[in-house]
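Results of the structural survey
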Amino acid sequence: MHKDLPIDILSAVEKPARYTGMEFGSIVKPEEETDVSFCLAFPDTYEIGMSYLGFKILYAALNGVRGVQAERVFAPWVDMESQMRERGIPLSSLETSRVLGDFDLIGFTLLYEMSYSNILNMLDMGKVPLWARDRQIDDAFVCAGGPCVFNSEPLADFLDFCMLGDGEHIILEVTEAYRAWKKEGKPGGREEFLHRIARIQGVYVPSFYMVRYHENGTVAEVRPRYEEVPPVVYKRVEKDINDLDYPTHPIVPYGDTVHDRIMLELFRGCSRGCRFCNAGMIYRPVRERRPEVAMQLARELVPATGYNEISMFSLSTADYSCLEPLVRDLLQEFREDKVSVSLPSLRIDSFSVKLAQEVQAVRKSGLTFAPEAGSQRMRDVINKGVTEQNLLDAVSAAFESGWSQVKLYFMIGLPTETDEDVLAIAHLAQAVQWQYKKITGHYGARVTVSVSNFVPKPYTPFQWVGQNTKEEFDRKHMLLKNAFASMKNIHFQYHDSRTSLMEGVLARGDRRLSKAIYRAWEKGARFDGWTEYFSFDTWKEAIQEAGLTMDFYNSRARDENERFPWEHTSCGVSRAFLYREYEKAREAILTHDCRRSTCTGCGVCQKLGVRIIDWKGKEK
Amino acid sequence: MKLRLQITKESGIRFISHLEYLKTLEKAIRRARIPVAYSQGFNPHMKFSLASALSVGVTSRCEFLEIYLREKRPLAGLVEDLRHNLPMGIHIIRADLADDKAPKLMAAAAGASYHVIIPCGADPASAIAAYEAAESAPYTKHHGKAKGKEKNKVIDAKAYIPAVSYTWNGETLELDFDIRITPTGSMKASEFLELLSGSFGLPLALTRADIARTDLYGEDANGHKRPLISEEEAIKD
C-alpha cells in the first residue's frame, strides 16, 4: 500500500487504483526476513505491465526464494508524476512503499524502445543516480531484461548489467550472488559484484566493454576490458519449459488490465521465420509445453485466480501441436465453472477460424488476421508463407460462421517495396469485402485495415536495410488514403510515421545514444509510445545535441560487412544465416519452418546446446 | 438460498471503482468455490449483488453482498472459504443465510451513516446550526450533459440529511450524519460537504475529505433503524 499518497492526490488522478496495490496474490514479506530486495520495474502503465507474462514469472520466481522480496513499480502517468514532483514524493513500490533507490536491485523490462525515456524518469523519481558510473556502493544496481535487451546499447550508460534470454534461473543466480556479496560486506565495491555475475551465462555488463568507432561513425571494434569477460555474451535458454515453475498464483489486479485473464503459455519461440520479426529470432528454438502439463497448470490457475477466461498464450498459438485436443479438454474440464478459452491470435487458415468459432460461445467484435503485406511478392520477401487464397479461405470460414467484421494488419516500408505492393493492400482488402458478398449475398462486411510502418530490428534478416524516410512513409500513407477513399465500409487506419522513425533509431542504436536519451528526457520526453505525449522535435533536438543524426541509425542501409553495435550480446542466431535470409528475401525465395521439417541452419540449437521440443504425433 | 454478507472496503483499496469492486468479489466467489447460481441463457452470469453502490474514495464497513446459491451449504463453511479468498482490504463482518424469496437488501436499505474527517479552518458551529435550522437546503446535482444541455436536478438536502453532529479541534472537523435512501434517490456524502462549503460558508478542504460509510440500515414499521442482517442468526467476525 502506498503510505505516502494522500487522498487529495489519489482523487485528482486518473485511475488511482494503479497506485494503491493490495491486490489478491501480491506478496509482502517482513522487513527483518528480507536479505535481498528486488524491484521489478515496468517502464509503462500498470495496466500494460500487469499483462506481461514475464513480469508474473519473475515475481513468482523471486518471491519463491526465502529471504528475497520482489516488489513492483510502474511508470506513474503524467498526472501522477506532476502531483508527486510538486510535493517531493519519491517513486516507491506498490508492496511496501519502499523508495526505488532503497532497493538492492532494480530490474527493468525492455519491452519496447519507446519506453526508454520512462526508465530514466522512473530512476530520477525514485532517487537513483541516472548514470551507472555515478552510483555508489549502497546505491541500487539497475539491470534489464526482456526482448529489447538484445540491443541494450542505447541504454548502456544507465544500466549496470543486463540479463539475456529466459529469465527463470538467471535472475535467481544473480540474486544469490548479490546475497553472498552483501553478506560478505560488499567487498571490492560495485565492480567486484559485476565481475562475479559476469561469469553467469547470459549476464552482460556494458561497462566491461569498450567500443571503438570508425571515422564514418560505424563500429570498428567492441572489446572486453578484462580477460575473463566473454567477447560475446550468449543468451540464457531453458532447454525444456516443462521443467520450469509457472506462476500458478499470480496477482489478480482489481481493475481492468490489457489481458485481464489467465495467461496459459503453450510454448516459447517461433520458427516460421518471418524476416521482419525480431521475436521470431530471439526466442528460438521452439519449446512446447506438454499438453498434460498445460492442463495441470490450468487446473491450478482457475481456482487460484478466479478468472473465467483462459487465454492460450505464445508467439503463434495456432501452431501448437496439440491445440485442438487441448482446447477441447479445457472446455470439457471447466464446463461447470463457466470458464471460457480464448486465442489471442489467429493463423490465416480455416482451421484457426473454426477453432475460434468453437471457443467463442458469444460473438465478439470480429476476427483479426495479419497478412502483413498486400502483394504475394512482398509476402514472399518477408517469408510470411501465406497466399491470397489462404486469406480468402480464412475469411470465408469466418463469414460462413456469422462474423461480418474483419481486421487486417499490414506493414509498409518493407524492403524492395514498390507503389504497386503498397496499393495491393487496398486490393486485398477489397477482395475480402467481395468475399463476404459472394458468401452471404449482402454487402456490408466491415473491413478494418491497420497499417504500421516497418522498423528494421536487430537480429533479423532486415538488420541491414535502411528504413523508409518520413517522406516515403507519408507518401505511401497518402497513396493508401486515396485508394481507400473510394471504398465503402473499409476503415483505414495507420500509425504516425514519426514514432516509427524514432523507434528505428533506438532499435539499431549504439551506446552514443545514451546521451541523446538523457537529453530527450531532460527536455520532457516520457511515454513516447503514447502518441499524445510523443514529441518528434524533442528527440530530433536531443539527437542533434548529442552530435548524432537520425539518418545514420534509421534510414541508412548497412554494408554486408558492417559490424553492428549489438553483436556482442547474442541470441545465438548466426550472422551468416541472417544474411543468407536477407539475400533470399531480395529474390523473394521462401524458407521453410524448421519446427517439423529439416534444419534451416540458424545455428541456435548447435550454438546453445538446445533442441526443438514439439509434441506433434506424440500425443498420448 | 442466499448467502448474505456484510463486508468492508478498507482504506487501502478505497480508490477502486464500484465495478472493480464487483469484479473482485466475483473472482473471490469463484476462487472460494462457492456454489453460486448462474442466470440462464446464452451468456450466463453469476447471480450476486451489492446493496448500495459506494462512491470511489469512500471507505466502508457496511457493504452488503447477496450471493444466490444453487445448493444448500452450512453457513460457517461458506464464510470460511470466502474469507480465505478475499484480497487485503476486504473483510467479512457478519453473514447469514436467507431464503431466496427474502426481500433484496438493496430494497431494504433505508439509510446510511457516514463519518467524515476533513480539515476545516474556522469554527463550524454557526454554519452547521444554520443548516440544521434551515427550512430547506437546495443542492444542484450535476448529471452531466444530455443533448448538449446541462442536465441538472435540484434536490433538498434536508429531505435526506435532517441532522448533523460534529466535533472540531481547531483544525480538523469530524462529522457524523445519516443519509436517507429513498426509492426516488439519495445524496452523496461528498455532495453534502460541497453544500456545507458552498451554501453555508464552511471553509472545508474538500479534496482532502476522508469519508467513511459506517452503516447501512433498514427501517422497521415505526421508522426505527434495523440492521440489514439481524444479529441473532448471523456469524460475526
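Small disclaimer: the values here were computed from a predicted structure and weren't measured.

About the criteria used
Residues numbered from 1 in each chain as written. Chains lettered and ligands numbered in written order. Predicted model: local features only at pLDDT ≥ 70, side-chain atom pairs only at ≥ 80, totals over all residues. Heavy atoms only, no water. Pairing = 2+ DSSP bridges. Helix = DSSP H or I, 4+ residues; strand = E, 2+ residues; numbered from the N terminus. Axes fitted to C-alpha atoms, helices over the stretch in contact; angles between N-to-C directions. Expected span 1.5 Å × (residues − 1). Contact = heavy atoms within 4.5 Å. Patch = residues over 30% accessible without salt bridge, like charges linked within 9 Å, V, L, I, M, F, W, Y side chains within 5 Å. Areas by Shrake-Rupley, 256 points an atom, 1.4 Å probe, with all protein chains shown as cover. Salt bridge = Lys/Arg side-chain N within 4 Å of Asp/Glu carboxyl O. Lys, Arg positive; Asp, Glu negative; His and termini not counted. Charge placed at Lys NZ, Arg CZ, Asp CG, Glu CD. Buried < 20%, exposed > 50% of the residue type's maximum accessible area, 1.4 Å probe, protein only. Parallel < 35°, antiparallel > 145°, perpendicular 65-115°, else oblique. Left-handed = near helix turned anticlockwise from the far one by under 90°. Phe/Tyr/Trp six-rings, centres within 6.5 Å; stacked < 30°, edge-to-face > 60°. Lys NZ or Arg CZ within 6 Å of the ring centre and 35° of its normal. Domains from an automatic or database assignment. Buried area = accessible area lost by both parts, 1.4 Å probe.

1. Notes on the sheet that holds strand β13 (residues 309-313) of chain A
All names here are of chain A. The strand order across the open sheet built from three strands is β10-β13-β14, with neighbouring strands paired in parallel fashion. A strand with exactly one partner marks an edge of an open sheet, and here the two such strands are β10 (262-265) and β14 (340-342). Pairwise comparison of adjacent strand axes, ignoring direction, gives a mean angle of 30 degrees for this sheet. In the sheet, β13 pairs with β14 via three bridges, with the strands oriented parallel. Considered in β14, the bridge of Ile310 is made with Val341.

2. Observations regarding helix α13 (residues 388-400) of chain A
Residue and element names in this part refer to chain A. Here α13 spans 18 Å end to end across 13 residues, near enough to the 18 Å set by a 1.5 Å rise per residue. Those residues of α13 that are buried lie in contact with α11 (350-359), β15 (367-372), β16 (405-412) and α14 (419-440). Of the residues one or two after α13, Gly402 is the one with positive phi, at around 105 degrees.

3. A short note on the sheet that holds strand β5 (residues 161-163) of chain A
Strand pairing in a sheet relies on backbone hydrogen bonds, with the paired strands running either antiparallel or parallel. Residues and elements named next belong to chain A. Reading across the sheet, the six strands line up as β2-β1-β3-β4-β5-β6 and stay open at both edges, with mixed pairing between neighbours. Strand pairing shows two members of the sheet lacking a second neighbour, β2 (68-74) and β6 (203-204), which therefore form its edges. Bridge count between strand β1 (residues 36-42) and strand β3 (residues 105-109): four bridges; the pairing is parallel. Paired with Cys39 across the strands is Ile106, a residue of β3. Of the strands in this sheet, β1, β2 and β3 are in contact with helix α3 (residues 53-63), which crosses β2 at around 155 degrees. Along the sheet face, helix α6 (residues 170-183) touches β1, β2, β3, β4 (141-145), β5 and β6 and points at about 140 degrees away from the line of β1.

4. Details of a negative patch on the surface
Residue and element names in this part refer to chain A. Judged by side-chain charge, Asp559, Glu560, Glu583 and Glu587 come together as a negatively charged surface patch. For Glu587, the position within the fold is in the loop between α20 (575-586) and α21 (604-608). What makes Glu587 exposed here is its relative accessible area of 58%.

5. Some details on the packing of helix α9 (residues 291-305) of chain A against helix α10 (residues 323-333) of chain A
Residues and elements named next belong to chain A. Two elements in contact, α9 and α10, have axes separated by 11 Å at closest approach and are oriented at 25 degrees. In terms of orientation, α9 and α10 fall into the roughly parallel class. In the crossing of α9 with α10, the sense of the turn from one axis to the other is right-handed. From α9, Pro291, Ala294, Met295, Ala298 and Arg299 reach across to α10, where they touch Leu326, Asp329, Leu330 and Glu333.

6. A short note on the pattern of salt bridges
Residue and element names in this part refer to chain A. This structure, assessed with the given rule, holds 66 salt bridges over all chains. For the salt bridge of Glu288 with Arg595, the shortest nitrogen-to-oxygen distance reads 2.5 Å. With a gap of 307 residues between them, Glu288 in strand β12 (residues 287-288) and Arg595 in the loop between α20 and α21 connect regions that are remote in the sequence. Judged on exposure class, the residue Glu288 and its partner Arg595 are both buried. Within this structure, Asp166, Glu168, Glu265, Arg268, Arg287 and Arg289 form a network of salt bridges that share partners.

7. Concerning the packing of aromatic side chains
All names here are of chain A. What the rule picks out here adds up to 39 aromatic pairs over all chains. Taking the centre distance of 6.3 Å and the plane angle of 75 degrees together, the rings of Phe161 and Phe193 count as edge-to-face. Highlighted residues: Phe161 in strand β5 and Phe193 in helix α7 (residues 189-197), separated in sequence by 32 residues. With centroids separated by 4.9 Å and ring planes inclined at 85 degrees, the aromatic side chains of Phe399 and Tyr436 adopt a geometry described as edge-to-face. A residue pair is termed long-range when its members are at least 10 positions apart, and Phe399 in helix α13 and Tyr436 in helix α14 qualify at 37 residues. There is no split in this pair, since Phe399 and Tyr436 are both buried. Aromatic rings pair up to connect Phe454, Phe462, Trp464, Phe564, Trp566, Tyr579 and Tyr582 into one cluster. Above the ring of Phe103, the side-chain terminus of Arg98 is found at 5.0 Å from the ring centroid. Seen from the ring of Trp131, Arg133 lies directly overhead, with NZ or CZ sitting 4.9 Å from the centre.

8. Observations regarding the domain arrangement of chain A
Residues and elements named next belong to chain A. Taken domain by domain, chain A comprises domain 1 (7-234), domain 2 (239-345 + 578-620) and domain 3 (362-455 + 466-508). Taken together, the contacts link 12 residues of domain 2 with 12 residues of domain 3. For the pairing of domain 2 and domain 3, the buried interface totals around 990 Å² over both sides, and the portion due to carbon and sulfur atoms is 59%. The largest contributions to the domain 2 side of the interface with domain 3 come from Phe276, Ala588 and Leu590, which together make up 51% of the buried area. At the boundary of domain 2 with domain 3, the tally comes to zero salt bridges.

9. Quick notes on the domain arrangement of chain B
Residues and elements named next belong to chain B. Segmentation of chain B into domains returns domain 1 (2-108 + 227-236) and domain 2 (111-219). Put simply, the middle of domain 1 and the middle of domain 2, counted by C-alpha atoms, are 28 Å apart. Listed as interface residues are 16 residues of domain 1 and, on the opposing side, 13 residues of domain 2. When domain 1 packs against domain 2, close to 990 Å² is buried across both sides, 50% of that on carbon and sulfur atoms. By the criterion of area lost to domain 2, the three top residues of domain 1 are Ser52, Val58 and Cys62, representing 35% of everything that side buries. Inspection of the region where domain 1 meets domain 2 yields two salt bridges.

10. Considerations on the interface of chain A and chain B
In this complex, chain A contributes 29 residues to the contact, which on the side of chain B involves 27 residues. Here chain A meets chain B over a buried area of about 2500 Å², counting both sides, of which 63% is carbon and sulfur. Interface area lost by chain A to chain B is led by Ile7(A), Phe24(A) and Tyr254(A), which between them contribute 29%. Linking chain A with chain B are two salt bridges, by the criterion used here.

11. Observations regarding the side chain of Glu81(A)
Relative to the helices and strands, Glu81(A) resides in helix α4 (residues 78-87). In contact with Glu81(A), not counting residues within four places along its chain, are Pro76(A), Asn121(A), Met125(A) and Arg526(A).

12. Observations regarding the pairing of strand β3 (residues 59-68) of chain B
All names here are of chain B. Most of β3 is tucked away, with nine of its 10 residues classed as buried. For strand β1 (residues 2-9) and β3, the ladder comprises seven bridges, and the chain directions are antiparallel. Bridge pairing in β3 places Lys2 opposite Tyr68. Strand direction decides the pairing type here: β3 and strand β10 (residues 210-219), joined by two bridges, are parallel. Of the residues in β10, the one forming a bridge with Ser60 is Arg213.

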